[in-house]
Amino acid sequence: MRTDLSINGEHFSLEADPRTTLLDALRHHLHLTGTKKGCDHGQCGACTVLVNGRRINSCLTLACMHDGDAITTIEGLGVPGQLSPLQEAFVEFDGYQCGYCTPGQICSATAMLDEVKAGWPSHVTEDVNDMPKLTEAEIAERMSGNLCRCACYPNIVDAIMDVAEGGHK
Amino acid sequence: MNIRFKFDEPDTRHRLDQMSQDIIGKAFDRPDGPMKVSGQATYAAEWEVDRLAHGVLVRAPVARGRLKSLGIEAVSAMDGVIAVLTGERFLRVPAQGTENTAPHQGASDIYYHGQPVALVVAETFEAARHAAHHLALEIETSGPAPVDPEASDTVREETDRSSQGDLDRAMAEAAHTVDVTYRTPGHNSAAMEPHAAIAQWDGDELTLRGAYQMLKFNRNELADSLGIPAEKVRILAPYVGGGFGSKLGISHEGVAAALAAREIGRPVSVVLSRQQVFETTIRRSESRQRIRLAAGEDGRLTGIGHEYLVSNLPEEDFAEPVAQATPFLYAGEHREVVEELARVHRLLAGSVRAPGEAIGVTVLENAMDELAEKVGLDPVELRLRNIPDVDPSSGKPYSSNRLADCLVHGAERFGWDNRNKEPGSERHGEWLIGQGMASAVRVNMLAPAEARVRLSPEGDVTIETDMTDIGTGTYAILTQIASEMLGIVPDRIETRLGDTDFPPGPGSGGSWGAASTGTAVFIACEEIRRRIAKRVAVAETDLTLVDGHAITDNRKIPLPEILAGVAIDVVGELEPGKAQKARRQATYGAYFAEVAVNAVTGETRVRRMLGVFSAGRILNAKTARSQCLGGMTWGIGMALTEALVHDARDGHLINHDLAEYHIPVNADVPQIEVDLLDERDDWANPLQAKGIGELGICGAAASVVNAIYNATGVRVRDYPATLDKVLAGLP
Amino acid sequence: MKAFDYVRAPSPAEARAAARGAGAAFIAGGTNLLDLMKLEVMAPATLVDINRLDMKTIETTDEAGMAIGALVTNSDLAVDPTIREHYPVLTKAIVAGASGQLRNKATTGGNLLQRTRCPYFYDTSQPCNKREPGTGCGAIGGFTRMHAILGGSDHCIATHPSDMAVALMALGADVEIEGESGMRRVPLDEFYRLPGDTPHIETVLEPGDLITRVILPPSPGGRQTYRKVRDRASYAFALVSVAAVVVMDGDVIDEVALSFGGLAPKPWRDFAVEDVLTAKPVTPDLFDEAADVLLANAAGAGENDFKIPLVRRTLAAALADVTGGF
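All of these numbers come straight from a predicted model, not from anything done at the bench.

## Section: unusual backbone geometry
Residue and element names in this part refer to chain B.
Right, on to step 1. The omega torsion across tyrosine 719 and proline 720 is -10°, close enough to zero to call that bond cis.
Right, on to step 2. Structurally, the position occupied by proline 720 is in the loop between helix 18 (700-712) and helix 19 (723-727).
Right, on to step 3. If you check the backbone angles, alanine 190 has positive phi at about 50° while not being a glycine.
Right, on to step 4. Locating alanine 190 in the fold gives a position in the loop between strand 9 (176-184) and strand 10 (196-202).

Below you can see the structure in the form of structure tokens.
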């Protein structure tokens, strides 16, 4: 079936089996392979993309459910030579090793910082009615939907903290 | 030309220290970083290939049996299905690291639950996945199929035994003894990129884009599995999404994709599902370990015994070398190591990050903690008293051993003296606080390696080797070695990896990649330096190369001027020699951890963790540190959450995904600190560097579990220390 | 994943009409349904996409409670200012579950209908009465670490995995359902069915029934907490969880509502436990007495035996937290 998608500001008309997940549409049909498949079941976060500005697992949604939606993938955040602040910070702080979970981490962090700005509480926020402060514990909790087996978590936290504090502008 | 170098004598020249580019050892950003953070790096399944068909493997639903029929009729009419394949060339199990020939093959003889028995190929992934669920497999079960290593009817064989002195007597006569049995569960590497391959034939020549760690061996394994000459096979793996042992050998997806692509005359992609990665690649064997320690009044060891039971499938050689570091870590003249192997129908046991030490040193370090308490000695002091002058088992000197420095420096940095000294006595609200420590040790190895270094007439450098970068930092460190040796800025160096058309390296495994391939690059660069030196008529040792210039007799000459239009192209070949055997070579370290254990629920949180490591020359402070962070995080996982669980009835893996097999998440891991004690190990290789990819896990879990004891007074001897086990001992 | 007809429903009536056929399923967030469809644990013939329906608002009701549209995402529900202020147990429960990404997609209605995480249910090579009635229960006699100690049967001991539903249960929420005979409201406690000998039937929903809203009574006020115990610090299902809402009158418990996750095939609320506590001054013995009542019929199956002492301790700690005593 046909689905119209806006991906990184570009219009795509996708013709695919309704069973196609948004993740597989990106990887198999549109050849946007920056979005990774790590588990295909919402258990690792490698497939994180932004849909209408919000982070989701693209493996657990069908492409056809997103007709008309605006999708941002890692390719839309920055390219070598013109990296986004978070992308630059991940390089500087070595917030990755094998690199496979990295696009998902960066997409996730991009939206996560907006969630904090909007005052969303997390599991570690002391009072859910307070404006959350972006501590290391807050970053770690909010990024826990993105697994990294190379286990660069401390570096990921440092990279995100750096950008939140105004680095890499 | 090729320059061959055999490493027989220690290299005391410390050449890298004499160079002028000042990049070796620095926290140099990975050159592959911008590609990785922008999603441009191409992993195995991501190459754009025309007419690509998708294959999905079909699992056996029993632990032991014979496949009688596939029941293809159920799926052959399904939309998009192209073919269903099975056969005796399908792999039963993946190859072990450096196996170099085909592993056991045959789809019809089922050895474990989850073994791939067929491949469904279809026009789309969606069609293949659906059809793979619906083959009407006809399987004749055959028994018995023991799945529990410790069950009474399981076959167990003694596969190794070594002893010196009389440990029984030492135990009987010792002032203090420890005789404890610990258990560790199976582990899965769980690299974030599932195993994947795209196979494409051009006539009788195969190109496989795969996710593998050791291409030189993988090429031979793949060719042998298919029954074709290795020269007909090319494997490409420039980016690999983690391996940790699971991608050492050729695996199901590579062989199945190649067979299918040949059969249907189209390129075929096969990607394992996450569940298949758990069920059919490899596991670290579970272990039962009995440690005996005999010590005098002062805590000095007189004897060490390490007996262990691990498992593997029938007919498989690999046994987790649990006691690999036990013979040389601590003193004691009476020693015994016994290995027993149980034959069970669980998936293949093989190398998972630091096979041997990861679980063996961990348990030894738990036992040392128990001994420290019995002797009434600071656990750090107990270890310091037992560091031998020479390898107590072989009598060989150590190439280097800075364990004492790691312990002393770590204790100071961590504030070990301020620790809680009475188990269970420090409480903040609901949380019991405790500290623990452990030593780290991992054997160091060197392997044959080749690399090409080409200096263009313009002064640009290209490095080529089939070595892989699985996240380890190969791109960075090879670039740095060439940059330092040749005085070329890294921007003008291109490091090309992961292609069997390039000179062969040993691959990524056993922490030997950087030292081995790095030495091959070093050898080639030394030769290039000699050529340049000759052209400017100075001795190579007097040649200064920096920022693309040669400096000699106060003259600064741009390299293009010296090269005069001619490139220099050298393949460096490393052959390990006598130096490797002449000394006991290992890397060392110490871990310090602080945990908070919830007095209500038994949940453990690691609050602080420090690792101090010594692994020869550190080639890149940034990537080396990250490797250690990774290893220590695996230690947290091993200590608290990770365990493969097999159903006792049919052996099937119960927690075969990332929701149920709990690797640590970001919130489980504190801002771990790592200190690297730089040193030069002249016996290791001409770089004086040693492997660091595995050291961070070799005992890390013990520091956490020892800290849990310190916090609560509860000794958990059955890994992982999940809350139920801690809770059982809490008031 | 089996092929299916995909229908995008423009109205609730059309959604229900499309879903009346055999093997039809609604899809909202899809975070659990697609997970199960990929494994062919679920294989609907028709997928009715209800995401375009106007069920995304959170409003105050005439009874001074709240009406939460079935398509409100977990994130939007958790961060709603009124919910945070007056029903903080709900916010706390939601943010204790899953991950930021999943909460952005998962919906209120869908969360209520989450299927169990029992590994035997998830693995089509294993018997499971819930997935395939009559095939037996793989978990009984198998690995039971995550399984129920209350409310199970000889046919099924799976647990309900939701955190959100545990809080809703303690808040006394109703589920609003649009069905064949119009709208009806069902208390959440009655919405779920225990497995008995039909573990495949989990709720009172009939074919074509559409959850439209979840209705909260007026805020109970008081102190509210959600305590979740799990194997990882984050991104793991509850071994045990407790939602507690308490209104104190001095040191006497005036009103109390408790519900539990990880213990049973449904979010577990036992009014007898609350009766023990109500109108009593707070003492440690009282908390123990409450746990005795809760656990009177509890039975472990082996690996999950630890849940019995664990919930006793967790309940006491949660009560201490909200009552300010012990």
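## Some points on helix 12 (residues 403-414) of chain B
All names here are of chain B.
Right, on to step 1. The end-to-end C-alpha distance of helix 12, which contains 12 residues, comes to 16 Å, matching closely the 16 Å that a straight helix rising 1.5 Å per residue would cover.
Right, on to step 2. Those residues of helix 12 that are buried are in contact with helix 9 (326-329), helix 11 (379-384), strand 18 (431-443), strand 26 (586-598) and strand 27 (604-614).
Right, on to step 3. At the exit of helix 12 stands glycine 415, carrying a positive phi of roughly 80°.

## Remarks on the confidence of the model for chain B
Note that predicted coordinates carrying low pLDDT should not be read in detail.
Right, on to step 1. Summary statistics for chain B give a mean pLDDT of 97 and a share of 100% for residues scoring 70 or more.
Right, on to step 2. Reported confidence for the predicted complex is 0.99 by ipTM and 0.98 by pTM.

## With respect to the domain arrangement of chain B
Where the parts come together, the accessible area they lose is often given as the size of the interface.
Residues and elements named next belong to chain B.
Right, on to step 1. With domains assigned, chain B is organised as domain 1 (2-30 + 446-581), domain 2 (44-144 + 189-280) and domain 3 (384-444 + 585-727).
Right, on to step 2. Between domain 1 and domain 2, the C-alpha centre-to-centre distance is 37 Å.
Right, on to step 3. At the junction of domain 1 and domain 2, the tally comes to two salt bridges.
Right, on to step 4. Applying the counting rule to domain 1 against domain 2 returns eight residue pairs in polar contact (both at pLDDT 80 or more).
Right, on to step 5. Per-class residue counts for the side of domain 1 that touches domain 2 are seven nonpolar, eight polar and four charged.

## Here's the deal with the interface of chain C and chain A
Right, on to step 1. Listed as interface residues are 43 residues of chain C and, on the opposing side, 38 residues of chain A.
Right, on to step 2. Surface buried jointly by chain C and chain A totals about 3200 Å² across both partners, of which 54% is contributed by carbon and sulfur atoms.
Right, on to step 3. Linking chain C to chain A there are two salt bridges.
Right, on to step 4. One salt bridge connects aspartate 40 of chain A with lysine 38 of chain C, and the closest N-O pair in it is separated by 2.8 Å.
Right, on to step 5. Contributing elements (two or more residues each) for the side of chain C that touches chain A: strand 1 (5-8), helix 2 (33-38), strand 3 (46-49), helix 3 (74-79), helix 4 (81-86), helix 5 (88-95) and helix 6 (100-105) of chain C.
Right, on to step 6. At five residues, helix 6 of chain C tops the list of elements feeding residues into the side of chain C that touches chain A.
Right, on to step 7. Grouping the constituent residues of the side of chain C that touches chain A by class yields 17 nonpolar, 12 polar and 14 charged.

Cut-offs and rules
Residues numbered from 1 in each chain as written. Chains lettered and ligands numbered in written order. Predicted model: local features only at pLDDT ≥ 70, side-chain atom pairs only at ≥ 80, totals over all residues. Heavy atoms only, no water. Helix = DSSP H or I, 4+ residues; strand = E, 2+ residues; numbered from the N terminus. Expected span 1.5 Å × (residues − 1). Contact = heavy atoms within 4.5 Å. pLDDT = per-residue confidence, 0-100. Domains from an automatic or database assignment. Salt bridge = Lys/Arg side-chain N within 4 Å of Asp/Glu carboxyl O. Polar contact = N/O pair within 3.5 Å; in protein donor to acceptor, adjacent residues only side chain to side chain. Nonpolar A, V, L, I, M, F, W, Y, C, P; charged D, E, K, R; others polar. Buried area = accessible area lost by both parts, 1.4 Å probe.

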